[in-house]
Amino acid sequence: MNSRPAPFDELDRKIVTALMENARTSFAEIGAEIGLSSTAVKRRVDRLRETDVITGFTATVRPSALGWRTEAYVEVYCEGAAPPRRLAEVVRGYPEITAAMTVTGGADALLHVRARDVEHFEEVLERIRAEPFIRKTISVMVLSHLIPDSPEAGAALLAPEDAGDGGAAELR
């Protein structure tokens, strides 16, 4: 039995593109668009999932509808060389951090933070700064998204209900 992954061809690329545009598109609709049966599309999607080309399906949600009205990027500077695994452990403890990555340049990491409001963001920032290996942070607040349909403009997490105002996030 061959253990090499199946090649990723032009039909796979068209299937992935269709699913990225709308993950709810049916296999029949995709098949009609690219000239395959719905069964053939399903087999290919199953293979793409098994080989981790497709890692999941998600809904893109307007963050403000979930209570996230403030957004920032935070550069994190560590004392010494903080290992990425330690940084990952820390950021997993913050539901407000929606993305985190190590980076080149002066900073050690870059965090994408969402909060209910500026006061909530300030509280999150103070908790981050209190971590024993954090030397300093530099924050940049997001004013607007120039590409509103980008993944960064969406959200996957609900705003925490227990941070600051003692109640559920206001939805508008």
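The structure this text deals with has already been given above.
The structure displayed is predicted, hence computed values, not measured ones.

Draft legend 1. Broad picture of the environment of Ala-18. Position of Ala-18 relative to the elements: it lies in helix H1 (residues 10-21). In sequence terms Ala-18 and Ile-30 are twelve residues apart; their C-alpha atoms lie 6.8 Å from each other. Setting aside its immediate chain neighbours within four residues, Ala-18 contacts Thr-25 and Ile-30.

Draft legend 2. The sheet that holds strand E1 (residues 70-78), seen in detail. Read across the open sheet, the four strands follow the order E2-E3-E1-E4; overall the sheet is antiparallel. In the strand order of this sheet, the two ends are held by strand E2 (97-102) and strand E4 (134-141), each with one partner. Pairwise comparison of adjacent strand axes, ignoring direction, gives a mean angle of 20° for this sheet. In this sheet, E4 lies alongside E1 in antiparallel orientation, the contact comprising seven bridges. Looking across to E4, one finds that Cys-78 is bridged to Ile-134.

About the thresholds
- Residues numbered from 1 in each chain as written.
- Predicted model: local features only at pLDDT ≥ 70, side-chain atom pairs only at ≥ 80, totals over all residues.
- Heavy atoms only, no water.
- Helix = DSSP H or I, 4+ residues; strand = E, 2+ residues; numbered from the N terminus.
- Contact = heavy atoms within 4.5 Å.
- Pairing = 2+ DSSP bridges.
- Axes fitted to C-alpha atoms, helices over the stretch in contact; angles between N-to-C directions.

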